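Residue strings, one per chain:
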Amino acid sequence: MKKRSLFEGFYRLVLDQPVTSFNRNWCGTLYAARLTQTDGNGGGSFDINWIELGRGCDQEVKAIIDKKPKLSDIFQVAAASGGNCPAGYTFIREDELGDGQGYEYCLNLRVGSLRSPLFANDAEVRKAAAFLETRKYARYLGATIEFEKGEGLSYDPDNKKIYFDITAIRGGMSDGRDHIQLQENICGAVYELDVDDNLTATKMRAIVVGERLKPGEPYFEIYTCNPNKIAAPDNLRYIGQNILLIGEDTRFHFNNMIWAYDLKRKTLTRIGTIQTGGEVTGMFEYANINGQYVLTANVQHAFVDRPRAQRPDLSGLVDVGLASDYSIDRGVGFVYFIKLIPTGIFKE
């Protein structure tokens, strides 16, 4: 059974020095986000604070890896009973395998008198926890580990924003527990993050949200998510002029789509669809090539993923896109070009 990512975190690594050339021993400080929800409508809005997990260098982490530590060398592990843990332990949830709830257990960091003989001191234990068991340690220190699988990330230097998407709002984001408490939405959302002068995210809000169709609504018989809105956003690309590209990887639209979102006008425009069963894996822009603006989109595994129609008797319609006539292209990747766009089209 396929494992779903329902309890993920959001992290940042601040290196000790700028990246100007290759370095065999990068050093930096790792942080995890702690969200405080300020609005529960749609995809929600949040304040962000950052919890320091630890500082380390490549060679230090490699030395710890070479010791081949087990989880039990870093943490004491105990069973959780109804979300409750023994004194001194922290409750942890991780990805599920079919039950929709997640694995639940309790952890206690092995420092002081509890330290494993594998480690020289408590600082080494904490470094091992930060860089080898990052998600567990982040939750142990109070970070928000509730995200459904995150996908795309893109920086907007014009407005000093970061864009980040979540394939679906469910699991830890919609179970009414912990830091994030939203209504389930399997169609996903794109978020805008405010950043300060150090590129540290301080706030996060949903700006584009998918919509699950209800019985009787237009398109319901074929589509799970409204085809005029996003579903399972995957790749993001800010291309300038307040335009954010959004590529899908979903079975909730009959075809995956490519969207252009105007950040200034708050409008969403579908600019492309791809083969049934394919996935948009990347989008790029090339400005002023012989007076034209060229966009490209990468597509993988065409005619492989089966769209999920709402009604079983539409299975024949689904099969049209996956028929043997297309077997020569099954699983093949494509690169598409959108050209003949005048370079001035994005100017005000």
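About the cut-offs
- Residues numbered from 1 in each chain as written.
- Predicted model: local features only at pLDDT ≥ 70, side-chain atom pairs only at ≥ 80, totals over all residues.
- Heavy atoms only, no water.
- Salt bridge = Lys/Arg side-chain N within 4 Å of Asp/Glu carboxyl O.
- Helix = DSSP H or I, 4+ residues; strand = E, 2+ residues; numbered from the N terminus.
- Buried < 20%, exposed > 50% of the residue type's maximum accessible area, 1.4 Å probe, protein only.
- Polar contact = N/O pair within 3.5 Å; in protein donor to acceptor, adjacent residues only side chain to side chain.
- Pairing = 2+ DSSP bridges.
- Axes fitted to C-alpha atoms, helices over the stretch in contact; angles between N-to-C directions.

A. A look at the pattern of salt bridges. Applying the stated criterion across every chain yields a total of 22 salt bridges. As a salt-bridge pair, Arg 135 and Glu 94 come within 3.4 Å of each other at their nearest N and O atoms. Note that Arg 135 is positioned in helix α4 (residues 134-140) and Glu 94 in strand β5 (residues 90-94), a separation of 41 residues in sequence. In this structure, Lys 149 engages Glu 151 in a salt bridge whose closest nitrogen and oxygen atoms are separated by 3.2 Å. Lys 149 gets classed as partly exposed once you look at its relative accessible area, which sits at 34%. Three or more residues are tied together by salt bridges with common partners; here these are Glu 8, Glu 94, Glu 133, Arg 135 and Lys 136.

B. A look at helix α3 (residues 122-132). Among all positions of α3, only Glu 124, Val 125, Lys 127, Ala 128, Ala 129 and Ala 130 are buried. The backbone nitrogen of Ala 123 has a side-chain oxygen 3.2 Å away, supplied by the residue at the start of α3, namely Asn 121.

C. Just the sheet that holds strand β12 (residues 243-248), in detail. The antiparallel open sheet is built from four strands, whose spatial order is β11-β12-β13-β14. Single-partner strands in this sheet number two, and they are β11 (233-238) and β14 (267-273). Adjacent strand axes in the sheet meet at a mean angle of 25° when their direction is disregarded. Where β12 lies against strand β13 (residues 257-262), five bridges are found, and the strand directions are antiparallel. Residue Ile 243 lies in a different strand from β13, and its bridge partner there is Asp 262.

D. Main features of unusual backbone geometry. Despite not being glycine, Asn 242 has its phi angle at roughly 60°, a positive value. Inspection of the secondary structure puts Asn 242 in the loop between β11 and β12. In the Ramachandran plot, Lys 266 falls in the positive-phi region, its phi being about 60° despite a non-glycine side chain. Tracing the backbone through its elements, the reader meets Lys 266 in the loop between β13 and β14.

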